[in-house]
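# Secondary and tertiary structure notes
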Amino acid sequence: MTGPEPIRVLLVDDQDLFREGVRVIVDAQEGMVVVGDAADGAEAVRLVDDLAPDVVLMDVRMPEMDGVEATRQIFSPDRAARREKPVRVIVLTTFNLDDRAATAIRYGASGFLLKGTTPVMLRDAIRTVHAGNAVLAPADLATLLEGQFRARTPAPPAYQTLTEKEREVFDAVARGLSNTEIAGRVFASESTVKTHVGAILRKLGLRDRVQIVVFAHEHGLVAP
């Protein structure tokens with residue numbers, strides 16, 4: 001009997017030494033394998049199409065095409081439609097609460113890590129985003145997004161199709177609550193919460209829970 005497939009990781013950074021160091025860390029983890037690396041954003045976009053990684057570790061600041069633009073292209077509707085399985089992006093930055101990282105999250109990244117993070121935090125982050133969750137605390141994510149969405153836009157009609165219970169779950173996810181916490185809040189089982197989250201993602205055309213948080217801030221749906 002074979003175990004689960006390893007998480008396939010793509011490394012993107014313009015510094016060869018940094019890439020090699022991360023490769024050693026990732027390849028040493030159980031259930032992970034580096035399937036390729038790129039030195040710039042354009043090469044990263046191509047390799048995501050060619051190699052179908054599960055998780056991309058993306059440097060945000062690179063010459064030519066930076067990690068923000070590469071993330072935008074990776075999650076463009078036409079590329080996403082051709083993809084057989086989801087891809088997650090973790091932005092790597094040297095600055096805490098980096099505005100570029102916030103923009104990358106708007107484009108589809110699942111959060112960011114500082115380049116000085118520990119091997120254990122890197123391992124946990126890869127596993128976390130592979131499961132569809134964010135890799136930074138909800139409070140930090142909210143701080144990033146508040147600066148991005150000073151001007152709110154009205155919620156699209158699809159939001160009105162959510163049931164009352166789905167809106168309760170939507171609000172809880174937007175605030176960063178876990179399924180366990182949401183279950184206690186809406187008086188439902190965790191499996192029911194997962195079903196509601198799936199319905200929300202489907203109705204709103206979103207990829208994961210991180211995008212629910214972005215959607216909520218973009219349309220002013222999170223009360224102070």
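As shown above, the structure is provided for reference.
The text that follows walks through the structure, step by step, so that each part is easy to find.

What counts and what doesn't
- Residues numbered from 1 in each chain as written.
- Predicted model: local features only at pLDDT ≥ 70, side-chain atom pairs only at ≥ 80, totals over all residues.
- Heavy atoms only, no water.
- Axes fitted to C-alpha atoms, helices over the stretch in contact; angles between N-to-C directions.
- Helix = DSSP H or I, 4+ residues; strand = E, 2+ residues; numbered from the N terminus.
- Parallel < 35°, antiparallel > 145°, perpendicular 65-115°, else oblique.
- Contact = heavy atoms within 4.5 Å.
- Nonpolar A, V, L, I, M, F, W, Y, C, P; charged D, E, K, R; others polar.
- Salt bridge = Lys/Arg side-chain N within 4 Å of Asp/Glu carboxyl O.
- Buried < 20%, exposed > 50% of the residue type's maximum accessible area, 1.4 Å probe, protein only.
- Pairing = 2+ DSSP bridges.

### A short note on the packing of helix α8 (residues 164-174) against helix α11 (residues 209-218)
The relative placement of two packed helices is expressed as an angle between their axes plus a distance between the axes. α11 packs onto α8 with a crossing angle of 95° between their chain directions and a minimal axis gap of 8 Å. Of the possible angle classes, the one that applies to α8 and α11 is roughly perpendicular. Contacts between α8 and α11 involve F170, V173 and A174 on the former and, on the latter, R209, I212, V213, F215, A216 and H217. When grouped by side-chain class, the residues that make up the contact of α8 with α11 number seven nonpolar, one polar and one charged.

### Focus on the pattern of salt bridges
Under the definition given, this model contains 19 salt bridges. D59 is paired through a salt bridge with K115; the nearest N and O atoms lie 3.4 Å apart. Separated by 56 residues along the polypeptide, D59 in strand β3 (residues 55-59) and K115 in the loop between β5 (112-114) and α6 (119-130) bring together distant segments of the chain. With a relative accessible area of 3%, D59 lands in the buried category. Taking the shortest distance from any N to any O, the salt bridge between R88 and D208 comes out at 2.9 Å. Taken together, the residues R88 in strand β4 (residues 88-93) and D208 in the loop between α10 (190-204) and α11 connect sequence positions 120 residues apart. Put simply, D16, R19, E20, R23 and D37 are held in one network by salt bridges that share partners.

### Structural notes on the sheet that holds β4
Reading across the sheet, the five strands line up as β2-β1-β3-β4-β5 and stay open at both edges, with parallel pairing between neighbours. Every other strand in the sheet has two partners, leaving β2 (32-38) and β5 as the edge strands with one partner each. Averaged over neighbouring strand pairs, the angle between their axes works out to 25° when direction is ignored. Examined bridge by bridge, β4 and β5 share three bridges and lie parallel to one another.

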